[in-house]
Amino acid sequence: MYDLLIRNAVLVTPDGECEKDLAIQNGKIAAFLERGTGEAECEIDASGRYAFPGIVDPHAHLNEPGWTWREDYEHGTKAAAVGGVTTVIDMPLNNAPSTTTAQRVKDKIELVEPSACVDFALWGGLVPENFDELEKMDKEGCVAFKAFLSPSSPDFEHLGYGETYEAMQIIKRFGGRIGFHCEDYSTILHLEEMMRRAGRFDSRAFLDSRPVVAEMIATEAVIALSKATGCKSYICHISSPDVAQKVKLAQQEGVDILAETCVHYLCMNENDVLERGAFCKCSPPLRTEEESRRLWDYVLDGTICAIGSDHSPCTEAEKTTENLGKKVNNIFDAWGGMNGIQTAFQTMYSEGCGKRGMKPAQLAKLMCEGPARAFGLWGKKGALREGFDADVVLLDPNKPWEVTADTLYYKNKISGFLGKTGVGMPVMTILRGEIIAENGACDENLKLIDEKNLNALFPKKNPVYTKIRDDNPTRYVTGSSVSNSLLADGCVIEGTVENCVLFRGVKVKKGAVV
């Protein structure tokens, strides 16, 4: 008898849609059963629902420790759970201190794990003064390293191109990957100064101060440095289809460079900034409606492997009156960032599957499989496959929604997505076989629950901080030969292995040699 059976859903698998029942045992996906077969302690009738893998958000700022007036793990991961996100990969900055040493990685895990409602992994920070910490952070489990090529926040210094070259040589040695915020420092610094000298402080001035060419210059530099060093790279939050085209050409040349975009670059545009000002300010900025439309082409053709929220919260005052102790006189002074972790999946489903004919399996590849593969979580996260964690989100494809402040679980209930509407809503989120959210913020009853009772909806899960590196069990073995390795529970062997330790739960495909 299984622990849980999800019956009558349309399962969204890597191979497409599947009309079977999903069996869960000990927090893992145990089997795909013919409908109506099997027995379980608990059954969920998911008729009329899609069952997606739990969403993996590769790009979020949860602000803990230190900046918790903006967000913290309790609020941020509750919002994630309501939105169908079961794994968050948290950025290293907008914390105090930033996650730039191995000890800080350990300290952060110890601090946030008790209050996290979903599973999480960590980006490590890459700044000019921490090159001697990089390999140690990798060993502590950081899944990648985040670097800026332009100023970001006071706690996180950006890299010059020479420093980037040196860091890439170091990270290449231990097989890590660097994620870049690509905007050219000298370009945006000079253009912002131009705007200020001209007395231009409106939203159009902000957009004009950070043009696509600044993003292009930095991206081309990363591509060239990746070619020169052989270091694996990842371009965060691509805003422009022209930048995506540069990455596509590099990929075709064999450069190991991955691409990410965010929901707001696909579903919003510069008109939102012009209408709502700092509440839709982000960097890189939102582009034209035509550029947003063309960016979808690179999502659909596979150039972009991951879609993140870039959840970057703040207080309303930091958008309007005072930002980090300085008066906000205009949009340049306001905090730049968008709250979006709770609404990312539903927005992408509505805009992608609902309006553009995207297949649910393609959306799952972008929001589940792609991020999981990029950051070493594949084999545990990212798909409905036997042996993977039983992370599932049930989505009602016909349920309309509107983003309103009283439906958000953020610490600060502001968002550039306020007022947005769509169809297709996550109605249940399951983490490792246990329900952690149901009917989320769209349930009228949940709107009235006060903060002290909210935790009951999100039982503490003892979240798994996943570190998968060469010294950890291998999760998936393809056609290549593997030797002298640990093969973990959930591993699927399709190739040849020798002198390996096989943990219980390893599956051997027909034709494999063990």
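The following paragraphs examine the structure supplied in this document.

Rules behind the numbers
- Residues numbered from 1 in each chain as written.
- Predicted model: local features only at pLDDT ≥ 70, side-chain atom pairs only at ≥ 80, totals over all residues.
- Heavy atoms only, no water.
- Helix = DSSP H or I, 4+ residues; strand = E, 2+ residues; numbered from the N terminus.
- Buried < 20%, exposed > 50% of the residue type's maximum accessible area, 1.4 Å probe, protein only.
- Contact = heavy atoms within 4.5 Å.
- Areas by Shrake-Rupley, 256 points an atom, 1.4 Å probe, with all protein chains shown as cover.
- Phe/Tyr/Trp six-rings, centres within 6.5 Å; stacked < 30°, edge-to-face > 60°.
- Lys NZ or Arg CZ within 6 Å of the ring centre and 35° of its normal.
- Salt bridge = Lys/Arg side-chain N within 4 Å of Asp/Glu carboxyl O.

**A word on the overall build of the protein**
Here comes step 1: If you tally the helices and strands in the protein, you get 15 helices and 26 strands.
Here comes step 2: A buried classification covers 61% of the 514 residues belonging to the protein.
Here comes step 3: Within the protein, residue pairs in contact and separated by at least 24 positions form 71% of the contacts whose partners lie at least 6 positions apart.
Here comes step 4: For the protein, the exposed area adds up to about 19400 Å²; of that, 47% sits on carbon and sulfur atoms.

**What to know about the packing of aromatic side chains**
Here comes step 1: In this structure the tally under the stated criterion is 14 aromatic pairs.
Here comes step 2: Taking 6.3 Å as the distance between ring centres and 70° as the angle between the ring planes, the aromatic pair formed by Phe 206 and Phe 332 counts as edge-to-face. Placement of Phe 206 in helix α6 (residues 203–209) and of Phe 332 in the loop between β17 (326–327) and α13 (344–356) is noted, with a sequence separation of 126 residues between them.
Here comes step 3: Residue class for Phe 206 comes out buried when judged on its relative accessible area of 1%.
Here comes step 4: Pairwise contacts between aromatic rings join Tyr 50, Phe 52, Phe 345 and Tyr 349 into one cluster.
Here comes step 5: Positioned over the ring face of Trp 335 is Arg 70, at 3.8 Å from the centre of the ring.

**As for the pattern of salt bridges**
Here comes step 1: According to the stated counting rule, one finds 33 salt bridges in the structure shown.
Here comes step 2: The partner of Asp 21 in a salt bridge is Arg 7, with the nearest N and O atoms 2.6 Å apart. Here Arg 7 lies in strand β1 (residues 2–7) and Asp 21 lies in strand β4 (residues 21–25), a separation of 14 residues in the sequence. The same class applies to Asp 21 as to Arg 7, namely buried.
Here comes step 3: A salt bridge links Lys 246 to Glu 220, with the shortest nitrogen-to-oxygen separation between them at 3.3 Å. A residue pair is termed long-range when its members are at least 10 positions apart, and Lys 246 in helix α8 (residues 241–252) and Glu 220 in helix α7 (residues 212–229) qualify at 26 residues.
Here comes step 4: A residue is classified by how much of its surface remains accessible, and Glu 220, at 35% relative accessible area, is partly exposed.
Here comes step 5: Salt bridges sharing common partners tie together Lys 28, Asp 119, Lys 381, Asp 389, Asp 391 and Arg 432.

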